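Residue strings, one per chain:
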Amino acid sequence: MTFSTFLRGKGLGLLAWLAGIVFFLPIAWMALTSFHSESDAATNPPSFAASLTLDGYRDFFGAGGGASPWPALINSTVASLVATLLVLLLALPAAYALSIRRVRKWTDVLFFFLSTKMLPVVAGLLPIYLFAKNTGFLDNIWLLVILYTSMNLPIAVWMMQSFLAEVPVAVIEAAQIDGARLPTVLTRVVAPIALPGIAATALICFIFSWNELLFARVLTGVVAQTAPVFLTGFITSQGLFLAKVCAASLVISLPVLAAGFAAQDKLVQGLSLGAVK
């Protein structure tokens, strides 16, 4: 290894560390601000040596007489998990038909899936609202489940199609020769081989569902209110709320951060499938 190659490798490593620190700084700043009092959080320039307190978290969890966040957190958990599970159940056979046992004009099918993501979300808000109002689905968590499933299904099919294309066809043919039917092939042959890709797809769909705000804000009220909608309730036109919002944002972000940390190895493997032949 030459000296220039060594320096280039060290330089790229240092650049990666700097990029990671830059992306991590807003989260660290949010966490630090959440432990400050409202008066200290509102100072400009910010005070790094301000005393720490748990008042923001107490207010978030309703210790001061406010609303409890648990119903909203449970709603987000149910909607995100159920929608992600439905997406995987629908995307796996669809990706199988587009990658391993390709249907006719499968590229046109993929383009159709992609074209559904080109429509601005706000353009479909009024028709969906009128449909929900006329059918009695307003403020219903299952409407969000259906919407999150339909919103994430195209990207899930696109991702899993590329992952399943790396599954050796010979393994599938061997299973079929042994008498395995399609459900068995999908669950016992294809799914274990493509598990990193499936995990990456599930994590991304879960994050998209958990973070969705527009439909949840318009279509829910009190019963089906999700965590992002609950978070917006801390922002007022009067008074100080920065520390409370930071505490709420950190707590609401924890499930996504925990899921990403737990599945980080599968995520890296899944997103790198097909990168090296």
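Owing to the predicted nature of the structure, the values given are computational and were not obtained by experimental measurement.

(A) Representation of the packing of aromatic side chains within the structure. Applying the stated rule across the entire model yields 7 aromatic pairs. Taken together, a centroid distance of 5.9 Å and an interplanar angle of 75° make the contact between Phe60 and Phe230 edge-to-face. Note that Phe60 is positioned in helix α3 (residues 55–60) and Phe230 in helix α12 (residues 227–232), a separation of 170 residues in sequence. The structure contains a cluster of three or more aromatic residues connected by ring pairs, namely Phe60, Phe61, Trp70, Phe230 and Phe234.

(B) Representation of the packing of helix α8 (residues 169–177) against helix α9 (residues 182–193). One way to put it is that α8 packs onto α9 with a least axis distance of 11 Å and a crossing angle of 160°. On the basis of the axis angle, α8 is roughly antiparallel to α9. Pair α8 / α9 crosses with right-handed handedness. In contact with Val171, Ile172, Ala175 and Gln176 of α8, α9 contributes Val185, Val189, Val190 and Ile193. Tallied by class, the residues present in the contact of α8 with α9 amount to 7 nonpolar, 1 polar and no charged.

(C) Broad picture of the nonpolar core. Residues Tyr96, Leu164, Ile172 and Val190 are the most contacted members of the largest nonpolar core, which totals 29 residues. Looking at this core, the elements that each hand over two or more residues are α4 (70–99), α5 (106–115), α7 (141–164), α8, α9 and α10 (195–211). Contact partners of Ile172, with chain neighbours within four places excluded, come to Tyr96, Ile100, Arg101, Val167, Val185, Val189 and Val190. Listed in part, the 19 residues of the second largest apolar core include Phe230, Phe234, Val245 and Ile252.

(D) Layout of the confidence of the model for the protein. Mean pLDDT over the protein stands at 84; residues scoring 70 or higher make up 91%. Mean pLDDT across the elements of the protein ranges from a minimum in helix α14 (residues 264–271), with 62, to a maximum in helix α11 (residues 214–219), with 94.

Scoring rules and cut-offs
- The numbering scheme is per chain: residues are counted from 1 as the chain's sequence reads.
- With pLDDT at 70 or above as the cut-off, local features in this predicted model cover only qualifying residues; side-chain atom pairs require 80 or more to be listed or tallied, and sums for whole chains, interfaces and linings still use all residues.
- As a rule here, side-chain values cover all heavy atoms of the structure and leave hydrogens and water aside.
- Think of it this way: a Phe, Tyr or Trp ring, Trp meaning its six-membered ring, pairs with another when their centres are within 6.5 Å, and the plane angle makes it stacked under 30 degrees, edge-to-face over 60, tilted otherwise.
- Secondary structure elements follow DSSP: runs of H or I no shorter than four residues count as helices, runs of E no shorter than two count as strands, and numbering proceeds from the N terminus.
- To get an axis, fit a line to the C-alpha atoms, keeping to the stretch in contact for a helix; angles then go from 0 to 180 degrees between the N-to-C directions.
- Roughly parallel means an angle under 35 degrees; roughly antiparallel means over 145; roughly perpendicular covers 65 to 115; every other angle is labelled oblique.
- Less than a right angle of anticlockwise turn of the near helix away from the far helix marks a crossing as left-handed, whereas a clockwise turn marks it as right-handed.
- Contacts are assigned to residue pairs that have any heavy atoms within 4.5 Å of one another.
- Each residue is assigned to one class: nonpolar for Ala, Val, Leu, Ile, Met, Phe, Trp, Tyr, Cys and Pro, charged for Asp, Glu, Lys and Arg, and polar for all the others, Gly among them.
- For the purposes of this section, nonpolar cores are sets of buried Ala, Val, Leu, Ile, Met, Phe, Trp, Tyr and Cys residues that join through side-chain atoms within 4.5 Å.
- Throughout this description, buried means an accessible area under 20% of the type-specific maximum (1.4 Å probe, protein chains only), exposed means over 50%, and partly exposed covers the range between.
- Each residue carries a pLDDT score, the predictor's confidence in it, ranging from 0 to 100.

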